[in-house]
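# Architecture and fold: a report
What follows is the residue order along each chain.
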Amino acid sequence: MSKQTKLNIGLFGFGVVGESLWQVLQRNTSLNAKISKVCIKHADKVRNAPGELFTTDPDVVLNDASINVIVELIDDADAAYDIVTYALKNGKAVVSANKKMIATHLPELLAIQKEYQVPFLYEAACCASIPVIRNLEEYYDNDLLQGVSGIVNGSTNYILTKISEEGIDFPTALKQAQDKGFAESNPALDIEGTDAVNKLTILLIHAYGIVSQPERLTYSGIHHIADYDAQYAREKGYEIKLVAHAHKLDTGDVAAFVFPQFLKKTSSLFHVKNEYNGVIIESGLADKQFFNGKGAGGYPTASAVISDLSALRYNYKYEYKKLYNQHPATLTDDFYLRIYVSAIDGIEIPEVIFEQIEEWSGNESRSYVVGCIHFSRLVESSWWKAKGVSVILLPDAFVTLEQDKILQQEEVLIAD
Ligand code: HSE
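All values reported here derive from a predicted model rather than from experimental measurement.

## What about the overall build of the chain?
The number of helices and strands found in the chain is 15 helices and 16 strands. Since a compact globule built from 416 residues should have a radius of gyration of about 22 Å, the 22 Å found for the chain is in line with a globular shape. In terms of its C-alpha atoms, the chain occupies a principal-axis envelope of roughly 75 × 45 × 35 Å. When the 416 residues of the chain are sorted by exposure, 56% land in the buried category. Taking the intrachain contacts of the chain between residues at least 6 apart in sequence as the baseline, contacts between residues at least 24 apart amount to 72%. Summed over all atoms, the accessible surface of the chain reaches about 18000 Å², with 49% contributed by carbon and sulfur.

The structure is reproduced here in structure tokens:
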């Protein structure tokens, strides 16, 4: 595609993001891009755009030879996969925001891109307005990238912020996140951590060349966090956030997971509020770099789609450098984490699984244990996924057993 080629777009989906994209492209003339057809599911819905733009027949868009770019912004991951693969195989560039579709079909999508050599861009699929994918792909060399961690789901961050700062209840905060267009149409994907782990799966390929599957990664959402846990956080001066982690260990292998985490004021992520996302990239030479921006909503997500459209003008494609040009890293479960576990009365926290216990307490309705655990203990068990149990990472979650012993000794000295 040359700089002069007009981007003639066939759009799938006219929800919050699709409509925002339409509005922005109406105003933006510098991009030389036009949406000429929009495929939607429900013909009878009133929409804020001319009626002749819309069709319910995907073939009308996919087989229109004048359309050279497909922008896929629909909800249904299976239908999205069919649309995207058909378009790529027929030589149309594709821009997508569908994290679930990309994460669950990564191997197939990699193979299609390799075979057909057509651009497939999806910056909007991770952290909306934060340019994290292209950054990891282009800027950070594998050897130097020590870790990527962040708040990658706007809805859960919005809910946790509203609960913590305004004292509103979980269902009300969730309803607000839905009304503002941040939540997935099935909000369980947000609150149970599935959306975050889908995004982590995508980040892993660009950060470390790891082709994984969301089911391979261990994760939890915010749905089991109890008032009791929030009280513990307040007493310690922590905020609770849902954080995705990918860290390179001394062995060169990568630890990756999503869990709620207690954060101290000194963490950049502590200050990420509402629907904002925040990503910390740790690099060997540059130490920590922090990206903060809106992670959900129509215009922030459309901004990433527009950036991808703009990248198509200079024939940009992901090269998956870490996968194809370097030695891809491997996932491991062989590391220790400091965690807090709380459980309602009647559910026993299996203390034997802790290598070392730092703190424990409780009342007649709930108790907690803080300690160091080998990560494989969580991977191999499911007791911690039960209703009435919450697992929350400590602020300094990664430790060796020796470090944990030292931390315990310090705690004892402070207590003395
Ligand atoms: N439901 C998603 C979120 C939308 O809240 O982050 C953006 O991916």
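## Looking at the site of the ligand
In the vicinity of the ligand, the contacting residues are Lys99, Asn153, Gly154, Ser155, Phe182, Ala183, Glu184, Asp190, Asp195, Lys199, Gly295 and Ala296. One of the side-chain N or O atoms of Asn153 is found 3.5 Å from an oxygen atom in the ligand. Taking Ser155, its side chain carries an N or O atom lying 2.6 Å from an oxygen atom of the ligand. Breaking the shell around the ligand down by element, the ones donating at least two residues are helix H7 (154-166) and helix H10 (194-208). For the shell around the ligand, a count of residues per class yields 3 nonpolar, 4 polar and 5 charged.

## Remarks on the side chain of Asp195
Turning to its location among the elements, Asp195 is positioned in helix H10. Apart from the residues lying within four places of it in its own chain, the contact partners of Asp195 are Lys99, Val152, Asn153, Glu184, Leu189 and Asp190.

## A word on the environment of Glu165
Here Glu165 shows up in helix H7. Considering only alpha carbons, one finds Glu165 and Lys273, 108 residues apart in sequence, at a separation of 9.7 Å. Looking at Glu165, its side chain comes within polar contact range of the side chain of Lys273, at 2.7 Å.

## Quick notes on the pattern of salt bridges
A side chain of one charge can pair with a side chain of the opposite charge if their charged atoms are brought near each other. Within the structure shown, the criterion is met by 14 salt bridges. Residue Lys175 pairs with Asp179 through a salt bridge whose shortest N-O separation is 2.9 Å. One end of the pair is Lys175 and the other is Asp179, both in helix H8 (residues 170-179) and 4 residues apart, which spans about a single turn. The class for Lys175 is partly exposed, based on a relative accessible area of 46%.

## Quick look at the nonpolar core
Residues Leu21, Val71, Leu204 and Leu309 are the most contacted members of the largest nonpolar core, which totals 103 residues. Looking at this core, the element that brings in the most residues is H10, giving 9 residues.

## A word on the sheet that holds strand S1 (residues 7-12)
Ordered in space as S3-S2-S1-S4-S5-S6, the 6 strands form an open sheet in which the pairing is parallel. What marks the edges here is a single partner per strand, and that holds for strand S3 (54-55) and strand S6 (120-121). The strands touched by helix H1 (residues 16-27) are S1, strand S2 (33-39) and strand S4 (69-72); relative to S2, the strand with the most contacts, the crossing angle is about 150°. Running over the sheet, helix H3 (residues 77-89) touches S1, S4, strand S5 (93-96) and S6 and is turned about 165° from S4.

## Here we look at the packing of aromatic side chains
According to the stated counting rule, one finds 23 aromatic pairs in the structure shown. Between the aromatic rings of Tyr318 and Tyr320, the centroid separation amounts to 5.9 Å while the plane-to-plane angle is 70°, which identifies the pairing as edge-to-face. Each member of the pair, Tyr318 as well as Tyr320, is classed as buried. With a centroid separation of 5.4 Å and 25° between ring planes, the pair formed by Tyr340 and Tyr368 is classed as stacked. Taken as a pair, Tyr340 in strand S13 (residues 336-344) and Tyr368 in strand S15 (residues 366-374) lie far apart in primary sequence, 28 residues in all. For the pair formed by Tyr340 and Tyr368, the shared burial category is buried. Taken together, the ring pairs connect Phe120, Tyr122, Tyr314, Tyr316, Tyr318, Tyr320 and Tyr324 into an aromatic cluster. Above the ring of Phe54, the side-chain terminus of Arg47 is found at 5.6 Å from the ring centroid. The ring of Tyr316 is capped by Arg134, whose NZ or CZ atom sits 5.5 Å from the centre of that ring.

Quick notes on the rules
- Residues numbered from 1 in each chain as written.
- Predicted model: local features only at pLDDT ≥ 70, side-chain atom pairs only at ≥ 80, totals over all residues.
- Heavy atoms only, no water.
- Helix = DSSP H or I, 4+ residues; strand = E, 2+ residues; numbered from the N terminus.
- Rg over C-alpha atoms; globule rule 2.2 N^0.38 Å.
- Buried < 20%, exposed > 50% of the residue type's maximum accessible area, 1.4 Å probe, protein only.
- Contact = heavy atoms within 4.5 Å.
- Areas by Shrake-Rupley, 256 points an atom, 1.4 Å probe, with all protein chains shown as cover.
- Near = heavy atom within 4 Å.
- Polar contact = N/O pair within 3.5 Å; in protein donor to acceptor, adjacent residues only side chain to side chain.
- Nonpolar A, V, L, I, M, F, W, Y, C, P; charged D, E, K, R; others polar.
- Salt bridge = Lys/Arg side-chain N within 4 Å of Asp/Glu carboxyl O.
- Core = buried A, V, L, I, M, F, W, Y, C linked by side-chain atoms within 4.5 Å.
- Pairing = 2+ DSSP bridges.
- Axes fitted to C-alpha atoms, helices over the stretch in contact; angles between N-to-C directions.
- Phe/Tyr/Trp six-rings, centres within 6.5 Å; stacked < 30°, edge-to-face > 60°.
- Lys NZ or Arg CZ within 6 Å of the ring centre and 35° of its normal.

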